[in-house]
Amino acid sequence: MAEKEVVETSEAQIAVHWQEEEYIYPPAEFIAQANMTDKTIFDRFSLDNFPNCFKEYADLLTWYEYWHTTLDTSDAPCWKWFVGGKINASYNCVDRHLKEYKNKTAIHFVPEPEDEKVEHITYQELYVRVNEMAALLRDFAGLKRGDRVTLHLPMTAELPITMLACARLGVIHSQVFGGFSGKACADRIVDSGSNVLVTIDSYYRGGTLLDHKEKADEAVAAAAQDGQKVDKVLIWQRYPGKYSAKTPLVEGRDFIVNDLLKDYYGARVEPEKMDAAEPLFLMYTSGTTGKPKGCQHSTGGYLAYTAGTSKYVQDIHPTDVYWCMADIGWITGHSYIVYGPLAIAASSVVYEGIPNYPDPGRPWRIAQDLDVNIFHTAPTAIRALRKIGPDEPKKYNYQFKHMTTVGEPIEPEVWKWYYEVVGKGKAVIVDTWWQTETGGFLCSTLPAISPMKPGSAGPGMPGIHPIVYDDEGNVVEPGTGKAGNICIQNPWPGAFQTIWGDRDRYVRQYYERYCKNPDSKDWRDWPYLTGDAAVVAADGYVRILGRIDDVINVSGHRLGTKEIESAALLVEEVAEAAVVPVAHEIKGKEPDLYVSLKPGYEASEEIQKKVMDSIINEIGKIAKPRNVWIVADMPKTRSGKIMRRVLAALSNKQPEGDVTTLANPEIVEQIKQMMQG
Ligand code: WTA
């Protein structure tokens, strides 16, 4: 068994436990129309029927060739699903819907400025645009099956169009969240070995048209320093025909997509017949070490799992208007704005801007105007909208039938506002717990079958069998009220296949801890470690407490404390840096940063600013710490280890506990006084 990672302060340790709440039952009206009302689904997906149960999801797709082996475990724990099957994701999300739905909206693009028209892209138009872009990527950019391409795109329709164009060619896309810095984009370009970057000139955020192209220049320069040359930067225009960035184009490297597309007018590209286990995309996420890791997702398994869960958990019908307010730059957007919903012929809303622009009534106006009836967002947005516009939803004439919360634990109080005010007491809510790595939901109620319980994600999904272990590897039984490390006993088709280029890290980080036999080819020996702590109630409902590792979930965005610390350490004057999670009313958690300086330097506002700037530059604004505390020294153990536990207690205004064993206990009082000003 792997040596236990010692994490002194994790989110789970500062988590607040709330009481078990009463059940709330789904409305009859919802049940009457739901896609899944058959309770026997749990029997069909029991461990006895594993892995063949997942055929039910795979059969929602159109295959060129059917598979011969449902689950191949020979390369454990790199599982292969639907082996022998041939499929194309772009075909499944676009072409196959043309017969019935070509006139139906596939994507409603809602620009942030309210005076700009909403764009309603039909399946036919999506088909045309995806094909033309695919032709461009193939014939102009020279991309082919198996190549990686980095996308650094914001929330406009061009993002799903580019993703689907890549999928058509079997090109592996790696979309980097638009808010990440050029440097963060560069790291992902280098790791994935991309020599093409697709970006956009500008986009709106909070009322400002941002110059996004400048980030491409930074990214290409930084990638080159790390030995990865980007030959072509393909730039979409936010306003076709007009270049809206101040940053000039680089001759021979930068090309305007909207100009090039004219050469591909009418082009049609035959979709590649991909093996089910060939990668569809990479999604980088933060982990326990500084370097973000590229989670590699498959084509067939991933699409089957996201299609199945979009149908049965999101309850999407082709006649619904579905709006997931996440960013496609994160896994939620990949699985539940693009691939899952489009695979089942949804009308999916892509909103460019922030929820409260120009005022907190905006989301509800969008809902009213488009008649959105399924809504999907994160607790951080719900908390913010509740705080700044608690009565706004009442003013608008919309009605959701279904709502999702995802990304962080949701406080029962906030859940109830979501239910009563946003859902007007008539919408069913699903609290879906999952991760970048897992491709799709792990725990959630099935909306028409199981009752809701505020603050609780619900039981394992059909075919997902959670188990909780304590640090010693004993099973923590449901109903004991004890928290432990939540794992999944079995593989499932949506799970990532490996970390791009680093199989060892994949095995170490996710499977070694509770592996029963490292030589085994039997999936039963390889529980998947999620990295979250959880409490399971007697009814099997799971409450997630938060991460047990060095990851902080800020507004539902996953940040590695090590990434933030290494950015701080780039500042000349900084000797040591330590990041701890601190509770935040809206964001859930926030990073709080402590630094000590090299000898000869004095604390100053200037140094604080340099540290902040370095973090923004290396990662992006989302990683900005609440404070940069410059301390005379870090509280340390006698062996010289920084005691983050003590710092976290100070940041969260909790008792710091016994500090007498520290090498420098006096520093704690000193830091405390400094923090009190
Ligand atoms: C947390 C986002 C409580 C959890 C889909 C997980 C949640 C991490 C929930 C993954 C939820 C996600 N309740 N916590 N419903 N959903 N989390 O990779 O700590 O960005 O490990 O994937 O978010 O974040 P990621």
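Residues numbered from 1 in each chain as written. Predicted model: local features only at pLDDT ≥ 70, side-chain atom pairs only at ≥ 80, totals over all residues. Heavy atoms only, no water.

### A short note on helix 17 (residues 503-510)
Heads up, the condition is: A 1.4 Å probe rolled over the protein chains alone gives each residue an accessible area, and that area as a share of the maximum for its type sets the label: buried under 20%, exposed over 50%, partly exposed in between. Numbering of helices and strands starts at the N terminus; helices are DSSP runs of H or I of at least 4 residues and strands are runs of E of at least 2. Here, two residues are considered to be in contact whenever any of their heavy atoms come within 4.5 Å of each other.
All buried positions along helix 17 are accounted for by Arg505, Tyr506, Val507, Gln509 and Tyr510. Residues of helix 17 that are buried in the fold lie against strand 15 (293-298), strand 23 (498-499) and strand 24 (528-536).

### Some words on helix 19 (residues 605-618)
The following threshold applies: For a helix, the expected span equals 1.5 Å multiplied by the number of residues minus one. It is the directions from the helix axis to the C-beta atoms whose arc is reported.
Taking 1.5 Å per residue, 14 residues should reach 20 Å; helix 19 reaches 20 Å between its end C-alpha atoms and fits that length. All of the buried residues in helix 19 are Ile607, Val611, Met612, Ser614, Ile615 and Glu618. Down the axis of helix 19, the sector holding all buried residues measures 160°, keeping them to one side. Of the residues in helix 19, the exposed ones pointing more than 90 degrees away from the buried face are Glu605, Glu606 and Lys609. Lining the buried residues of helix 19 we find helix 9 (182-192), helix 18 (561-569), strand 28 (574-584), strand 29 (588-597) and strand 30 (628-631). At the C-terminal side of helix 19, Gly620 shows a positive phi close to 140°.

### Structural notes on the site of the ligand
For the record, the criterion: Proximity is defined per residue: any heavy atom of the residue falling within 4 Å of a molecule or strand makes that residue near it. Pairs of N or O atoms are called polar contacts if they sit within 3.5 Å, as long as, within protein, a hydrogen donor faces a hydrogen acceptor (for residues adjacent in sequence, only side-chain-to-side-chain pairs). Working definition of accessibility: Shrake-Rupley area with a 1.4 Å probe, residue cover restricted to the visible protein chains. Any residue outside Ala, Val, Leu, Ile, Met, Phe, Trp, Tyr, Cys, Pro, Asp, Glu, Lys and Arg is labelled polar, Gly included; the first ten of those are nonpolar and the last four are charged.
Near the ligand you find 16 residues, and of these Asp431, Thr432, Thr436, Asp532 and Arg558 are the closest. Glu408 places a main-chain nitrogen or oxygen 3.3 Å from a nitrogen atom of the ligand. One nitrogen or oxygen atom from the side chain of Arg558 is found 2.7 Å from an oxygen atom belonging to the ligand. Computed on the free molecule, the ligand has an accessible area of 530 Å², of which 97% lies beneath the protein chains in the complex. Of all the secondary-structure elements, those providing two or more residues to the shell around the ligand are helix 13 (331-343), strand 20 (428-432) and strand 25 (542-547). Considered class by class, the residues forming the shell around the ligand number 5 nonpolar, 6 polar and 5 charged.

### Focus: empty space enclosed by the protein
For clarity, the cut-off: A 1.4 Å probe that fits into a set of points on a 1 Å grid over the protein atoms alone but cannot get out defines a cavity; an open set with protein on both sides within 12 Å along at least five of seven lines defines a pocket, and lining residues are those with an atom within 4 Å of a point. Grid points are joined across faces, edges and corners, and a volume is the space filled by probe spheres set on the points.
Under the counting rule described, the total for this entry stands at 6 cavities of 30 Å³ or more. Within this model, the largest cavity holds a volume of roughly 70 Å³. Forming the walls of the largest cavity are Trp79, Lys80, Trp81, Ala277, Ser298, Gly301, Trp492, Pro493, Ala495, Phe496 and Gln497.

### Quick notes on the pattern of salt bridges
Our working rule: Each reported salt bridge corresponds to a side-chain nitrogen of Lys or Arg within 4 Å of a carboxyl oxygen of Asp or Glu.
Counting across every chain of the model gives 50 salt bridges. The residue Asp95 makes a salt bridge to Arg168 at a minimum N-O spacing of 2.7 Å. Of this pair, Asp95 sits in the loop between helix 5 (89-93) and helix 6 (98-101) while Arg168 sits in helix 8 (residues 158-169), placing them 73 residues apart in sequence. Pair check on accessibility: Asp95 and Arg168 agree, each one buried. Arg547 serves as the salt-bridge partner of Asp549, at 2.5 Å between the closest nitrogen and oxygen. Both residues of the pair, Asp549 and Arg547, count as buried. Three or more residues joined by partner-sharing salt bridges are found here, namely Glu20, Lys453, Asp539 and Arg543.

### What to know about the sheet that holds strand 18 (residues 374-377)
What counts is decided by this rule: Strand pairing requires that DSSP identify at least two bridges connecting the strands. Axis definition: a line fitted to C-alpha atoms, limited for helices to the stretch in contact. Angles are taken between N-to-C directions and run from 0 to 180 degrees.
Overall, mixed pairing links the 7 strands, which are arranged 5-4-17-16-18-19-20 in an open sheet. Each having just a single partner strand, strand 5 (119-122) and strand 20 make up the two edges of the open sheet. Strand after strand, the sheet turns through a mean of 20° between neighbouring axes, direction not considered. Two elements, strand 4 (residues 105-110) and strand 17 (residues 347-351), share 4 bridges in a ladder whose sense is parallel. Among the inter-strand pairings, Ile107 is bridged to a residue of strand 17, identified as Ser348.

### Brief notes about the sheet that holds strand 15
The mixed open sheet is built from 8 strands, whose spatial order is 12-11-8-6-7-14-15-23. Every other strand in the sheet has two partners, leaving strand 12 (254-256) and strand 23 as the edge strands with one partner each. Relative to strand 8 (residues 196-200), strand 6 (residues 148-151) is paired through 2 bridges, and the arrangement is parallel. Bridge assignment links Thr150 to a residue of strand 8, and that residue is Leu197.

### Quick word on the packing of aromatic side chains
For clarity, the cut-off: Here a Phe, Tyr or Trp ring, Trp counted by its six-membered ring, pairs with any other such ring whose centre lies within 6.5 Å, and the pair is stacked when the planes are under 30 degrees apart, edge-to-face when over 60, and tilted otherwise.
For the structure shown, the criterion picks out 47 aromatic pairs. Arranged with centres 5.8 Å apart and planes meeting at 70°, the rings of Trp63 and Phe82 form a pair that is edge-to-face. With Trp63 in the loop between helix 4 (55-58) and strand 1 (69-72) and Phe82 in strand 2 (residues 80-83), this pair connects stretches of sequence that are 19 residues apart. Grouping residues by exposure puts Trp63 and Phe82 together as buried. An aromatic cluster is present here, built from Phe45, Phe50, Phe54, Tyr57, Trp63, Tyr66, Trp67, Trp81, Phe82, Tyr305, Tyr312 and Trp523 joined pairwise through their rings.

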